Amino acid sequence: MLKGKTAIVTGSARGIGKAIALKLASLGANIVVNDIPSSEDAAKTVEEIKALGVNSVAVLGDVRNIEDVKNMVDTAVSEFGTVDILVNNAGVTRDNLMLRMSEEDWDLVLDINLKGAFNCIKTVVRPMMKQKKGSIINIASVVGEMGNAGQANYSASKAGLIGLTKTTAKEFAKKGIRANAVAPGFISSAMTDKLSDDVKTKYFESIPLGQFGSTEDVADVVAFLASDMSSYVTGQVINVDGGLVM
Ligand code: NAP
């Protein structure tokens, strides 16, 4: 489905980004694994991707830094010839109630989650415009749609990412570039694994499908949006949340 395509996945050394990178690779795409400069997992992720029979390279760099982002996109083009897919997945949380939230934590989360995606989009559209084709997928969150106490910075960054997605879709549609967002709900992770059964049961009651999602659930929807199976879909937000928001 993605044979010969090139995908950049930011923050993909581990977690949801890694699952996305492995999924796109399993469908034939060559993968640029990006993560923060100190990442120890990126090289291992590249090896796991290569074992699937495609090419992969790690380009460590901070999505907040435009020079790092340019290096990432230039490397994708020089190694693989094109960039067909960008997945803006890198993201962080610094939760606190608003009255206690520091300016530093507000800025950090907005800079990585929102400005980082802007940097990557602005840079990657140049090679995509040349080939008159591309798919950009931003990993938002249900809290960008419904808000969440204790996450003013994070929910604002994810709501901003949804606006950025729609603007990208409108500005670049005529250039053959599509942009969509995926909004995960509760996804099983090291963090949710630690919750007690009682707490988990409470969460499950708020989710119509009655369970947390997996990183693969998110990756499957990203793969659909990355491929030509979604060629008439742009400017959309697809929730992967078991029906939590509807
Ligand atoms: P994760 O395990 O913390 O993975 C995020 C990755 O991004 C990490 O490898 C992280 O590096 C990297 N990263 C952080 N800052 C970066 C930067 N400035 N430049 C490049 N890479 C950077 O998180 P996750 O749970 O997989 O989440 C992935 C995405 O899904 C995020 O955008 C998150 O907001 C979104 N999401 C997650 C959930 C969920 O339930 N997990 C729900 C909704 C949305 P280090 O941590 O090693 O520094």
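Please refer to the structure placed before this passage.
Residues numbered from 1 in each chain as written. Predicted model: local features only at pLDDT ≥ 70, side-chain atom pairs only at ≥ 80, totals over all residues. Heavy atoms only, no water.

Colleague: How should I be thinking about the side chain of D84 in this particular structure?
Modeller: On the secondary structure map, D84 appears in the loop between helix 3 (66-80) and strand 4 (85-88). For the buried D84, no salt bridge exists, and the shortest N-O distance to an oppositely charged side chain is 4.7 Å, to K5. Side-chain polar atoms of D84 contact the side chain of T82, separated by 3.0 Å. If near-sequence neighbours (up to four positions away) are discounted, D84 is found in contact with G4, K5, T6, M128, Q131, G134 and S135. (Helix = DSSP H or I, 4+ residues; strand = E, 2+ residues; numbered from the N terminus. Buried < 20%, exposed > 50% of the residue type's maximum accessible area, 1.4 Å probe, protein only. Lys, Arg positive; Asp, Glu negative; His and termini not counted. Salt bridge = Lys/Arg side-chain N within 4 Å of Asp/Glu carboxyl O. Polar contact = N/O pair within 3.5 Å; in protein donor to acceptor, adjacent residues only side chain to side chain. Contact = heavy atoms within 4.5 Å.)

Colleague: What am I meant to see in the nonpolar core here?
Modeller: Side chains that are nonpolar tend, in soluble globular proteins, to be buried together. L24, I31, V87, I137 and V182 are the most contacted members of the largest nonpolar core, which has 30 residues in total. Breaking this core down by element, the ones donating at least two residues are strand 1 (6-9), helix 1 (15-26), strand 2 (30-35), helix 2 (42-50), strand 4, strand 5 (134-139) and helix 9 (215-226). The element best represented in this core is helix 9, accounting for 7 residues. With sequence-adjacent residues up to four places away left out, L24 is seen in contact with L2, A7, V9, A29, I31, I85, V87, A223 and A226. Listed in part, the 27 residues of the second largest apolar core include V69, M128, I136 and F172. (Core = buried A, V, L, I, M, F, W, Y, C linked by side-chain atoms within 4.5 Å.)

Colleague: Help me understand the side chain of S135, please; the structure alone is not making it clear to me.
Modeller: Mapped onto the elements, S135 comes out in strand 5. S135 gets classed as buried once you look at its relative accessible area, which sits at 2%.

Colleague: It is not clear to me how the sheet that holds strand 2 should be interpreted in this structure. Could you clarify?
Modeller: Hydrogen bonds along the backbone pair up the strands of a sheet, which may run parallel or antiparallel. As summarised here, the arrangement of the 7 strands in space is 3-2-1-4-5-6-7, forming an open sheet in which the pairing is parallel. The open sheet is flanked by strand 3 (56-60) and strand 7 (237-240), the only strands paired with a single partner. With direction set aside, neighbouring strand axes in the sheet form an average angle of 20 degrees. Bridge analysis of strand 1 against strand 2 gives 4 bridges, and the strand direction is parallel. When the bridges of strand 2 are listed, V9 appears paired with V33. (Pairing = 2+ DSSP bridges. Axes fitted to C-alpha atoms, helices over the stretch in contact; angles between N-to-C directions.)

Colleague: I tried to follow the site of the ligand on my own but got confused; where do I start?
Modeller: The environment of the ligand is formed by 23 residues, the closest being R14, I16, D35, N89 and Y154. Contacts to the ligand include R14, whose side-chain N or O atom sits 2.5 Å from an oxygen atom. Contacts to the ligand include D35, whose side-chain N or O atom sits 2.7 Å from an oxygen atom. Bound to the protein, the ligand loses 82% of the 890 Å² it would expose on its own. Listing elements by their share of the shell around the ligand, those giving two or more residues are helix 1, strand 2 and helix 6 (152-172). (Near = heavy atom within 4 Å. Areas by Shrake-Rupley, 256 points an atom, 1.4 Å probe, with all protein chains shown as cover.)

Colleague: Could you clarify how one ought to interpret the packing of helix 1 against helix 2 in this entry?
Modeller: Each pair of packed helices can be described by the angle between their axes along with the distance between the axes. At a minimum axis distance of 9 Å, the contact between helix 1 and helix 2 shows a crossing angle of 25 degrees. It follows from the interaxial angle that helix 1 and helix 2 lie roughly parallel. When you trace helix 1 past helix 2, the crossing you get is right-handed. Facing helix 1, whose interface residues are K18, A21, L22 and A25, helix 2 presents K44, T45, E48 and I49. Within the contact of helix 1 with helix 2, the residues separate by chemical class into 4 nonpolar, 1 polar and 3 charged. (Parallel < 35°, antiparallel > 145°, perpendicular 65-115°, else oblique. Left-handed = near helix turned anticlockwise from the far one by under 90°. Nonpolar A, V, L, I, M, F, W, Y, C, P; charged D, E, K, R; others polar.)

Colleague: Please clarify how the packing of aromatic side chains should be interpreted in this entry.
Modeller: To describe a pair of aromatic rings, you give the distance between the ring centres and the angle between the ring planes. In total, this model carries 4 aromatic pairs according to the counting rule given. Seen from their ring centres, F186 and Y203 are 4.5 Å apart, and the 45 degrees between their planes marks the pair as tilted. Taken together, the residues F186 in the loop between strand 6 (177-184) and helix 7 (190-193) and Y203 in helix 8 (residues 197-205) connect sequence positions 17 residues apart. Here F186 falls in the partly exposed class, since its relative accessible area comes to 27%. Its relative accessible area of 31% is what places Y203 among the partly exposed residues. Ring centres of Y203 and F212 lie 6.1 Å apart, and the angle between their planes is 55 degrees; on these two criteria the pair is classed as tilted. You can call F212 buried: its relative accessible area is 10%. A network of ring pairs unites the aromatic residues F186, Y203, F204 and F212 as a single cluster. (Phe/Tyr/Trp six-rings, centres within 6.5 Å; stacked < 30°, edge-to-face > 60°.)

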